[in-house]
Each structure stands twice: as C-alpha cells, then as structure tokens.
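Residue strings, one per chain:
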Amino acid sequence: MDFYELTMSNGYFLNNKKDEIAVFDLFYRTNPDNAAYSIFVGLEDIIDYINNLSFTDEDIEYLKGLNIFDEEFLKYLRNFKFKGDIYSFKEGSIIYPNEPILTVVAPLIDCQLIETSLLLLLNHETLIATKTNRIVLSAKGRGVSDFGARRAHNADSAIYGAKASYIAGANSTATTLAGKLFGIPVSGTMAHSWVMSFDSEYDAFLEYAKIYPENAVLLIDTYNVIKSGVVNAIKVAKDFLIPNGHRLKGVRIDSGDLAYLSKKVRAILDKHGLEDCKIIVSNSLDEYKIQSLIDQGAKIDSFGVGENLITAKSNPVFGGVYKLVAIKNKNGQLVPKIKMSETVEKITNPGFKDVYRIYNENNQAIADLLTLHGETIDLQKEGSVVDPNKPWKKINFEGCYLKNMRVKVFEEGEQIYRCPTIEETKKELARIIKDELWDEEKRFIMPHTHYLDYSKAYYELKVRLMSENSYEEK
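Owing to the predicted nature of the structure, the values given are computational and were not obtained by experimental measurement.

Trainee: Requested: an account of the overall build of the protein, with residues and values cited.
Mentor: Check the secondary structure of the protein and you find 16 helices and 20 strands. Overall, the protein is about 85 × 60 × 45 Å in size when its C-alpha atoms are taken along their principal axes. Buried positions account for 52% of the 474 residues belonging to the protein. Contacts in the protein between residues far apart in sequence, at least 24 positions, make up 73% of those at least 6 positions apart. Taking the 58 positively charged and 67 negatively charged side chains of the protein as two groups, their mean positions are separated by 4 Å.

Below, the structure written as structure tokens:
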C-alpha cells in the first residue's frame, strides 16, 4: 500500500473517525489506445486480497520503528480485518469511462487501506485484457498466443498478464506457471538455440520430431526460410513423421517479411501434400501489424504476440482512480461528495450510485445509466433519463430494458459472491463481444462512443453539488 494510506488512517484513528462510513468509487476516465471500451479483469485477485489483508508482528514492528504512528493505532492494525461492503462489475465485463467499476462502502480506514492494491490489481489486469482483445479482434478468428513473459515487467506481470490475456481471448500462453495456476493451455516449441546446437538444421528438426511426433512445430527461420527451413521441415515430415503415422503440425517464422514468407511457405507446403500444416508467426506483433498482414493476404494460421501484449506497449497505463463520493453523517445519512476541478473531465460523479446497461430489443447494449443507489427507473417514461452532455436532448428508449451491471461481492466484510471459472468468464466475454457490442465500437480508428446517461434525479443531484461547490470567477 502507498504510505499515505497509513498516515491518513492514523489520522482518522486519532480524530475518532475510524468507524465513520464512507463510499469510494473506483473508475477510469479514458480507454487505452483511444478505444471505445475496456475489459475488466482483476476481481478474483481483489477478492483474494481483501480476504487475506492483515498486518503481521513484523509489519507492526516496522511501522513502529518509523516513530510516526500512534501506539493504539498500531494495536488496531494488528487485529485489522476488512469490515465493509463491495459492489463490482463481474470479471470479464465490458466497461466504460466514468462509471464506478467497483464501489466500497466501509469505515474510512478500511476504504483507505485497500486503495493501492485495488487500483494496481484492476489497472494491470484490465490493461492487458483490453490490449489482448484488440489483438484478438485484429486476428479475425485466427489463434493468438501470449508469448510475453520475457518482456514483462516482472514475474507477477507475466503470470497475471497471461491470465488476463486468456480471459480476453488468447488461446494459450507460453508462461508455464500461469498454466499451472489457472489451467490455461500452455504452448511452446523450440528456439533458434535448439537449431544451432545441432550439426545441421535437418538433424535439429528430426530429433525434435522424434521426441514430439504429435506436436512437431518447427522453427524455420534460423538460416533461410525458403531455401533451408521449409525444405528441411518437409524432408523431416516425409522421412520420419508420415511413415510413422504422424503429420507435421506446424512451422513458425520469427523474422523477415511475414506476409511474403507465409505466402511462399504455404504454397511450398501445399505442393508437397502438407495442406494441414499450420503457419505460426511471431516477431513484435500488435493489432495493427496483424491487421496489415491479413489485409495483405498473408497465409498465417496463428500469431504469437509478446512484448506488445504483455506490456500493452502502445498505451502502458490504465488510468483507474479511487475517489471518495459520499460519507455518512451523524444522523446516519449518506451525504454525497464531489471533487471539483478546472479540468471538467476531472469533476467526479458524486454519491452512492447504481450502474445499469440499457439494451435494445435485439439485446445490443446502447448506453449505460447512472442512478441513485436503489432508485427505480422507468425507461418508457419521458424525461426519466438525461444525457449529461446534452441535457436538452429528448431520449427515446421504447422497447429497451435495463440490466444492473454490478453484484455485491462483500457484505460486512464477508465474501458473498464467487467468480465463475476462468473458462466460464472467457466464454461469456466472447459472447458479449459477439452479440452485445456494436461493430462500430470495435473499430480501432475513431470508434463509436458509448453513451453514459444519468437518471433525472441523479443529474439534478450532480448539478446541485457542482453549483454549491463552485466559486465565482473574477
């Protein structure tokens, strides 16, 4: 946790505010890569963190040694357990800017101590899932595998990035521990060092095929793809694999003009009766390179994507933030709070809210809706919904329906919701992207902006708070 979580909590404790109930929202302001949406991953790890958050004797001794914390506060930490409620979008949900992905309703100290980990878990895994989804969309049904571990920022980044990428549509990962921990299919064949360690490329391919006859994928660009690599791969297929009842599963190209080489290799393989042999490519790929390769007619069956996936290199920060939006007064009422700013985009959405998604008669998502917590909305009633950017606009939701996008995950510190399995989450996300998202939102360039509307009551609340907290300009 950030150190200021502790200094603020110590201050709350000394000011008799430790049991004061607050509401914090975790949200973000913009999508990476100018996309229309993001994909929320990280809830399962947030749940694990909340369930296991505690302070050991060693932790307390370290904090005591800093000589700035009250002794009674340190005793309080020694017996700390999260005591609040948490509402959240489900793992693998499509999310949009400025809506609360996760809301914490808890004592102030509880809200504060969990801030950093909530943000880092959501920010990292959501970032990688969102980037992977773009890469998978660009592949247009061809396989995508995570090859990113060696370019990740550390071991956890590789492992949990692999998990996020799998949920978002990758077929497999090269990160073995991620396979073990999460049941993700693992993939990997050989490196150039394998080929170079033998006297000849043919010997390297033959020995590999003998060890892995059911999974022989040969790396053909160590010396020359056309004149050497594919020739020796075909020779091994005909000399050993086919006579022994096996097939050459695939060849991989890791350098050069991938469009040109894949077309040449495909023609040569087909000429020799190896139409079923797959062509896999790698080499600093991203969604734009993959899209370009496909547009050029490249004969590629699957893509291994490394650094650009696991680091989200083109936009490597997901800007999740965590803001106080309400606090309970002495009468037990939640008083909404708003953060004002000269930068309009940084004015927060105040109060304890619910988030709905509005669907048309074809079950496509057409907008999201913020309401007061517990508010009932009749979409058919004129004026019940306001576009905050165009409050004069008349909105017609005839034939549409609402879906509450969040579930209650913790109640008074106890977990009451369990995430589906990774496979179930992956499958449901793929369905949502296929059936509920508009094609216009999937564009990489100038995608359609998803609407975020307010209920009339919520709009009036925000306008009132902005007015009450504004200052006259001179």
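Trainee: I'd like a description of the sheet that holds strand β15 (residues 365–372), backed by residues and values.
Mentor: Across the sheet, which stays open at both edges, the five strands sit in the order β16-β20-β15-β14-β17 with mixed pairing between neighbours. Of all strands in the sheet, those with a lone pairing partner are β16 (385–386) and β17 (401–404), marking the two edges. Most of the contacts of helix α16 (residues 456–468) go to strand β20 (residues 451–455), to which it runs at about 90 degrees, and overall it touches β14 (353–359), β15, β16 and β20.

Trainee: Please give an account of the pairing of β20 that cites residues and values.
Mentor: Counting buried positions along β20 yields four of five residues, so the element is predominantly enclosed. Relative to β20, β15 runs parallel, the two being bridged by four bridges. Residue pairing for β20: Asp 368 is matched across the bridge by Leu 452. Sheet analysis places β16 next to β20, joined by two bridges and oriented antiparallel. Opposite Val 386, over in β20, you have Tyr 454 as the bridge partner.

Trainee: Talk me through the packing of aromatic side chains; I want residue IDs and the actual numbers.
Mentor: Enumeration over the complete set of coordinates arrives at 17 aromatic pairs. Ring centres of Phe 55 and Phe 80 lie 6.2 Å apart, and the angle between their planes is 85 degrees; this geometry places the pair in the edge-to-face category. Taken as a pair, Phe 55 in the loop between α2 (43–52) and α3 (57–65) and Phe 80 in the loop between α4 (71–78) and β3 (85–89) lie far apart in primary sequence, 25 residues in all. Neither Phe 55 nor Phe 80 differs from the other in exposure class; each is buried. For the ring pair Tyr 208 and Tyr 212, a centre distance of 4.8 Å and an interplane angle of 50 degrees mean the geometry is tilted. Here Tyr 208 falls in the buried class, since its relative accessible area comes to 5%.

Trainee: So what's going on with helix α12 (residues 258–271)? Which residues, and what values?
Mentor: In a regular helix each residue adds 1.5 Å, so 14 residues correspond to 20 Å; α12 covers 20 Å between its end C-alpha atoms and thus fits that length. Within α12, burial applies to Leu 258, Ala 259, Leu 261, Ser 262, Val 265, Arg 266 and Leu 269. Down the axis of α12, the buried set is contained in an arc of 160 degrees. They therefore lie on one face. Turning to α12, the residues buried within the fold contact α11 (225–241), β9 (250–253), β10 (278–281) and α13 (287–295). The backbone nitrogen of Ala 259 has a side-chain oxygen 3.3 Å away, supplied by the residue at the start of α12, namely Asp 257. Note on α12: the residue one or two positions beyond its end, Gly 273, has a positive phi of about 75 degrees.

Trainee: Please set out the pattern of salt bridges residue by residue, giving values where relevant.
Mentor: A full pass over the atoms with the stated rule returns 33 salt bridges. Note that Lys 313 and Glu 307 form a salt bridge whose closest N and O atoms lie 3.4 Å from each other. Asp 439 is the partner of Lys 442 in a salt bridge, and the nearest nitrogen-oxygen pair spans 3.6 Å. Through salt bridges with shared partners, a single network forms among Glu 428, Arg 431, Lys 434, Asp 435 and Glu 436.

Trainee: Outline unusual backbone geometry, listing residues and values.
Mentor: Of note in this structure, Lys 140 is not a glycine but carries a positive phi near 50 degrees. Tracing the chain through its elements places Lys 140 in the loop between α6 (115–139) and β6 (143–146). Backbone geometry places Met 446, a non-glycine residue, at a positive phi of 45 degrees.

Trainee: Residue-level account of the sheet that holds strand β13 (residues 334–336), with values.
Mentor: Taken in spatial order, the seven strands make up an open sheet running β13-β12-β1-β5-β3-β18-β19, and their pairing is antiparallel. In this open sheet, the two strands that pair with only one neighbour each are β13 and β19 (414–415). Relative to strand β18 (residues 406–411), β3 is paired through four bridges, and the arrangement is antiparallel. Along β18, the bridge assignment pairs Phe 89 with Arg 406.

Trainee: Report on the packing of helix α7 (residues 155–167) against helix α15 (residues 422–435), specifying residues and quantitative values.
Mentor: The relative placement of two packed helices comes down to the angle between their axes together with the axis-to-axis distance. One way to put it is that α7 packs onto α15 with a least axis distance of 8 Å and a crossing angle of 45 degrees. Between α7 and α15, the crossing angle belongs to the class labelled oblique. The segment α7 lies against α15, with Lys 163, Tyr 166 and Ile 167 engaging Ile 422, Glu 423, Thr 425, Lys 426 and Leu 429. In terms of residue class, the contact of α7 with α15 is made up of four nonpolar, one polar and three charged.

Trainee: Mind laying out helix α10 (residues 201–211), listing which residues take part and the relevant values?
Mentor: Restricting attention to buried positions, one finds in α10 the residues Glu 201, Tyr 202, Ala 204, Phe 205, Leu 206, Tyr 208 and Ala 209. On the buried face of α10, the contacting elements are α9 (192–196), β8 (217–219) and α11.

Trainee: Explain the packing of α6 against α7 to me, using residue names and the numbers behind them.
Mentor: Packing of α6 against α7 brings their axes to within 8 Å, and their N-to-C directions diverge by 50 degrees. The orientation of α6 relative to α7 falls into the category oblique. Here α6 runs over α7; the crossing is right-handed. On α7, the residues touching His 124, Glu 125, Ile 128, Ala 129 and Thr 132 of α6 are Asp 156, Ser 157, Tyr 160, Gly 161, Lys 163, Ala 164 and Ser 165. A per-class count over the contact of α6 with α7 returns four nonpolar, five polar and three charged.

Trainee: So what about the side chain of Gln 112? Which residues, and what values?
Mentor: Along the chain, Gln 112 falls in helix α5 (residues 108–113). Classification of Gln 112 as buried rests on a relative accessible area of 4%. A polar contact of 3.5 Å, which involves the side chain of Gln 112, links it to the side chain of Glu 5. Those residues in contact with Gln 112 that sit more than four places away from it in its chain are Glu 5, Met 8, Ser 9, Tyr 12 and Phe 24.

What counts, and where the lines are drawn
- Residues numbered from 1 in each chain as written.
- Predicted model: local features only at pLDDT ≥ 70, side-chain atom pairs only at ≥ 80, totals over all residues.
- Heavy atoms only, no water.
- Helix = DSSP H or I, 4+ residues; strand = E, 2+ residues; numbered from the N terminus.
- Buried < 20%, exposed > 50% of the residue type's maximum accessible area, 1.4 Å probe, protein only.
- Contact = heavy atoms within 4.5 Å.
- Lys, Arg positive; Asp, Glu negative; His and termini not counted.
- Charge placed at Lys NZ, Arg CZ, Asp CG, Glu CD.
- Pairing = 2+ DSSP bridges.
- Axes fitted to C-alpha atoms, helices over the stretch in contact; angles between N-to-C directions.
- Phe/Tyr/Trp six-rings, centres within 6.5 Å; stacked < 30°, edge-to-face > 60°.
- Expected span 1.5 Å × (residues − 1).
- Arc of directions from axis to C-beta.
- Polar contact = N/O pair within 3.5 Å; in protein donor to acceptor, adjacent residues only side chain to side chain.
- Salt bridge = Lys/Arg side-chain N within 4 Å of Asp/Glu carboxyl O.
- Parallel < 35°, antiparallel > 145°, perpendicular 65-115°, else oblique.
- Nonpolar A, V, L, I, M, F, W, Y, C, P; charged D, E, K, R; others polar.
- Left-handed = near helix turned anticlockwise from the far one by under 90°.

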